[in-house]
Amino acid sequence: MVFFCPKFIVHFLSLLLMDLIVNGILFGIFLSLLFGPAFFVLIETSIKKGFKSAVFLDIGILISDAVYLLASLFIAEKINYWLYSISYIKYIAGSIFLIIGAFSIIKNYISLNKIPKERKIKEINTSSENIIIYPFQLIAKGFGINAINPGVLIFWIAACTYATKELNIQGIGLLYYFGITILTLFCVDLLKIYYSSKLKNYLKPHNLCYIGIAVGAALFFFGIAIYFKEFNIVNEI
């Protein structure tokens, strides 16, 4: 009987790991279906600036997710107190989104009016091959656009609470679970970026401006929504 114990333990651990993998993949796919400010900026970047630029932007977004995830795992109680006691945070975040959205709308509207005069120049410069990529700038932009949304932090606290209390995942299992989740999210994002970047070949300059205006309007809407959003404080993990 003693000789079968190690095999039983290995089998049990294999089933446990497989369960973590499956749940992590499913949660990652679920996250990839959510629409937020970062999603719209990511799609706009992939269409306007190409695949590589969007990948660096997505890396910044996922880094901010990872930072908030770790914070939710280890200092959720302090974060809850911080969000509860400093109520004006949502107004600051909302104002930032309003400014970014308004800037995008105005910038693309001005570009749209210039297209008839500079049509040939626009058609030459819309190729992503001519765009200079600044990796650290794009990573910082992705990190910032995701980090300033307090809803992201609330979401990760809720996700950690669900994983520990409902799925009964503890200790190192949480790192495996959320590691697989973020990896899955990145893989799905790569597919979004790839197919979105291909749209560039079929869009004219004025279409790109309309996309920029639409994204700006979406960010403006999220800014207003954050103003009126009541963030429910999640019980500590």
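As a starting point, this report considers the structure included with it. (Residues numbered from 1 in each chain as written. Predicted model: local features only at pLDDT ≥ 70, side-chain atom pairs only at ≥ 80, totals over all residues. Heavy atoms only, no water.)

1. Section: the pattern of salt bridges
Any two side chains of opposite charge can pair, so long as their charged atoms come close to each other.
Here comes step 1: Enumeration according to the criterion identifies two salt bridges in this entry.
Here comes step 2: Here K48 ties to E44 by a salt bridge, and the two come within 3.5 Å at their closest N and O atoms. On the criterion of helical spacing, the pair formed by K48 and E44 is a turn pair, its members being four residues apart in helix α2 (residues 37-49).
Here comes step 3: Taking the relative accessible area as the measure of exposure, E44 reaches 13% and is therefore buried. (Salt bridge = Lys/Arg side-chain N within 4 Å of Asp/Glu carboxyl O. Helix = DSSP H or I, 4+ residues; strand = E, 2+ residues; numbered from the N terminus. Buried < 20%, exposed > 50% of the residue type's maximum accessible area, 1.4 Å probe, protein only.)

2. What to know about the side chain of T184
Here comes step 1: Its location among the elements puts T184 in helix α9 (residues 172-198).
Here comes step 2: In contact with T184, not counting residues within four places along its chain, are G24, I25, G28 and I29. (Contact = heavy atoms within 4.5 Å.)

3. Looking at a nonpolar patch on the surface
Here comes step 1: A cluster of nonpolar residues, M18, V22, I25, L26, I29 and L33, forms a patch on the protein surface that exposes about 540 Å² of accessible area.
Here comes step 2: The topology assignment puts V22 in helix α1 (residues 5-32). (Patch = residues over 30% accessible without salt bridge, like charges linked within 9 Å, V, L, I, M, F, W, Y side chains within 5 Å. Areas by Shrake-Rupley, 256 points an atom, 1.4 Å probe, with all protein chains shown as cover.)

4. Focus on the packing of aromatic side chains
Here comes step 1: Counted under the stated rule, the structure contains twelve aromatic pairs.
Here comes step 2: When the ring of F35 is compared with that of F39, the centres are 4.7 Å apart and the planes differ by 90°; the resulting orientation is edge-to-face.
Here comes step 3: Ring centres 5.9 Å apart and planes at 75° place the aromatic pair W156 and F178 in the edge-to-face group. Placement of the pair is W156 in helix α8 (residues 150-165) and F178 in helix α9, with a sequence separation of 22 residues. (Phe/Tyr/Trp six-rings, centres within 6.5 Å; stacked < 30°, edge-to-face > 60°.)

5. Some points on helix α7 (residues 135-147)
Here comes step 1: The first and last C-alpha atoms of α7 sit 18 Å apart over 13 residues, in line with the 18 Å expected at 1.5 Å per residue.
Here comes step 2: Residues of α7 that are buried: L138, G142, I145, N146 and A147.
Here comes step 3: As for α7, its buried residues are in contact with α2, α3 (51-74), α5 (89-114) and α8. (Expected span 1.5 Å × (residues − 1).)

6. Some points on α2
Here comes step 1: Helix length check: α2, at 13 residues, gives a terminal C-alpha distance of 18 Å against a target of 18 Å (1.5 Å per residue), a fit within 8%.
Here comes step 2: Looking at the buried side of α2, the elements it contacts are α3, α5, α7, α9 and α10 (205-228).
Here comes step 3: Just beyond α2, the residue with positive phi is G50, at close to 100°.

7. Side note on the environment of F221
Here comes step 1: Within the secondary structure, F221 is located in helix α10.
Here comes step 2: Taking relative accessible area as the criterion, F221 reaches 54% and is therefore assigned exposed.
Here comes step 3: With 127 residues separating them along the chain, F221 and G94 place their C-alpha atoms 9.3 Å apart.

8. Considerations on the packing of α3 against α7
Here comes step 1: Orientation of α3 relative to α7, taken along the N-to-C sense of each, is 45°, at an axis distance of 7 Å. Between α3 and α7, the crossing angle belongs to the class labelled oblique. In this structure, α3 crosses over α7, and the sense of that crossing is right-handed. Touching S53, F56, L57, I59, G60, I61, I63, S64, D65, V67 and Y68 of α3 are P135, L138, I139, K141, G142, F143, I145, N146 and A147, all from α7.
Here comes step 2: Class assignment of the residues belonging to the contact of α3 with α7 gives a composition of 13 nonpolar, five polar and two charged. (Axes fitted to C-alpha atoms, helices over the stretch in contact; angles between N-to-C directions. Parallel < 35°, antiparallel > 145°, perpendicular 65-115°, else oblique. Left-handed = near helix turned anticlockwise from the far one by under 90°. Nonpolar A, V, L, I, M, F, W, Y, C, P; charged D, E, K, R; others polar.)

Worth remembering: the numbers are spatial, not functional.
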